[in-house]
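For reference, the chains in residue letters:
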Amino acid sequence: MVDSGRALDTIRSAFVGPFRIAASVRHARVFHPKGLVIGGTVEFNSSWWPGRTRISLPVTARMSGGIGTPSMIPDVLGLALRIDLDEGPTPWDLLLASSGTSSLTRMLPLPATGWNTARYSSLMPLSSTGGPPTWVVAEPVGEHPPTTSINALADALAIAPLVFSLQLATFTNSPTPSGRVVLSDVRDLADDEQPSFDPVVNCPPSIALRPEWLAAARIGAYRGSRRGRGATDE
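Cut-off values and rules
- Residues numbered from 1 in each chain as written.
- Predicted model: local features only at pLDDT ≥ 70, side-chain atom pairs only at ≥ 80, totals over all residues.
- Heavy atoms only, no water.
- Core = buried A, V, L, I, M, F, W, Y, C linked by side-chain atoms within 4.5 Å.
- Buried < 20%, exposed > 50% of the residue type's maximum accessible area, 1.4 Å probe, protein only.
- Contact = heavy atoms within 4.5 Å.
- Phe/Tyr/Trp six-rings, centres within 6.5 Å; stacked < 30°, edge-to-face > 60°.
- Helix = DSSP H or I, 4+ residues; strand = E, 2+ residues; numbered from the N terminus.
- Lys NZ or Arg CZ within 6 Å of the ring centre and 35° of its normal.
- 1 Å grid on protein atoms, 1.4 Å probe; cavity = no way out; pocket = protein on both sides within 12 Å on 5 of 7 lines; lining within 4 Å.
- Points joined across faces, edges and corners; volume = space filled by probe spheres on them.
- Pairing = 2+ DSSP bridges.

Engineer: Can you tell me about the nonpolar core, naming the residues and giving the values?
Structural biologist: Where a protein is soluble and globular, its nonpolar side chains tend to be buried together. Ranked by internal contacts, the top residues of the largest apolar core, which has 37 residues, are M63, L79, W92 and Y120. Sequence-distant contacts of L79, defined by excluding residues within four places in its chain, comprise A61, R62, M63, L94, L95, L96, Y120, A138, F164 and L183.

Dropping the structure here:
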């Protein structure tokens, strides 16, 4: 019987090389190369979340296009959240991507025609304190740009904050409103200066990504992408 720890190490290592090469060739992140960093707050309204509920916590977000297509062409859009939980050695990196809205399609990264139509999902389920697999879902609230343009995001934020409803969903249950994100403070950072997010390494002890083998693959992919473009924030 193969030791599970060694098997996960093998999976992790297998993804480092290809993603390092791809990032080196592209001179950028393999996926979501162009993005906008925005500061704001997050509030949790469910005991599922780690930390305190109904308290505004600082959040640093990066909104990005998965491929970087022209603004009128659909793209897989990303909403990465770095949440300061004020507990543990690292913040919590929660990565969401545009997806479908059904139990099956929320596991798939799917292109959106604009920031206003994107429905974001964690794609992989998370387990909180040993509970059932749960997907984190985010839905735009109010006015969001109707294209996939990064510049349109900055223009919109100059007028008003961007608001998202955070929801939790299991495979058999519909999403339930469970929090809120408000983004308002644009950070003027070049793409190679923007933070690298890692949802596996930067994760609270009470939260686990499932399944483990896919989490291991993501560790390797993120590590390879960082090394390939010379990023230092391991």
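Engineer: So what's going on with the packing of aromatic side chains? Which residues, and what values?
Structural biologist: According to the stated counting rule, one finds six aromatic pairs in the structure shown. Here F44 and W49 contribute two aromatic rings whose centre-to-centre distance is 4.3 Å and whose plane-to-plane angle is 10°, an arrangement assigned as stacked. Exposure remark for F44: the relative accessible area of 0% places this residue in the buried category. Aromatic pair Y120 and F164: ring centres 6.0 Å apart, planes at 70°, arrangement edge-to-face. Linking Y120 in strand β5 (residues 120-121) with F164 in strand β8 (residues 162-169), this pair joins segments that are 44 residues apart in sequence. Taking the ring centre of F197 as reference, the NZ or CZ of R82 above it sits at 4.9 Å.

Engineer: Describe in detail empty space enclosed by the protein, supporting the description with residues and values.
Structural biologist: Within the structure shown, the criterion is met by one cavity of 30 Å³ or more. In this model, the largest cavity occupies a volume close to 50 Å³. If you trace the largest cavity, you find 10 residues lining it, with D93, L94, L126, P199 and L209 closest to the centre. Ranked by residue count, the leading element in the lining of the largest cavity is strand β4 (residues 92-98), at four residues.

Engineer: So what's going on with the environment of A158? Which residues, and what values?
Structural biologist: Along the chain, the position of A158 falls in the loop between α2 (150-157) and β8. Given the relative accessible area of 67%, A158 is considered exposed. With 27 residues separating them in the primary sequence, A158 and D185 have C-alpha atoms 9.0 Å apart.

Engineer: Hey, could you go over the pairing of strand β9 (residues 176-187) for me, with residue numbers and the actual values?
Structural biologist: Across eight bridges, the pairing between strand β1 (residues 34-44) and β9 is antiparallel. Residue pairing across strands places V42 opposite V181, the latter belonging to β9.

Engineer: Residues and numbers for the side chain of S99, please.
Structural biologist: With respect to the helices and strands, the residue S99 is situated in the loop between β4 and β5. Look past the residues within four positions of S99 in its chain and what remains in contact with it is T105, R106, L108, L110, R119, Y120, S121 and L123.

Engineer: Just give me the short version of unusual backbone geometry, but keep the residues and values in it.
Structural biologist: For R54, which is not a glycine, the phi torsion comes out positive at approximately 60°. Looking at where R54 falls in the secondary structure, it is placed in the loop between β1 and β2 (57-65). Positioned with a positive phi, L123 is a non-glycine residue whose angle comes to about 65°. Considering the arrangement of structural elements, one finds L123 in the loop between β5 and β6 (126-128). Look at L123 and you get partly exposed, because its relative accessible area is 21%.

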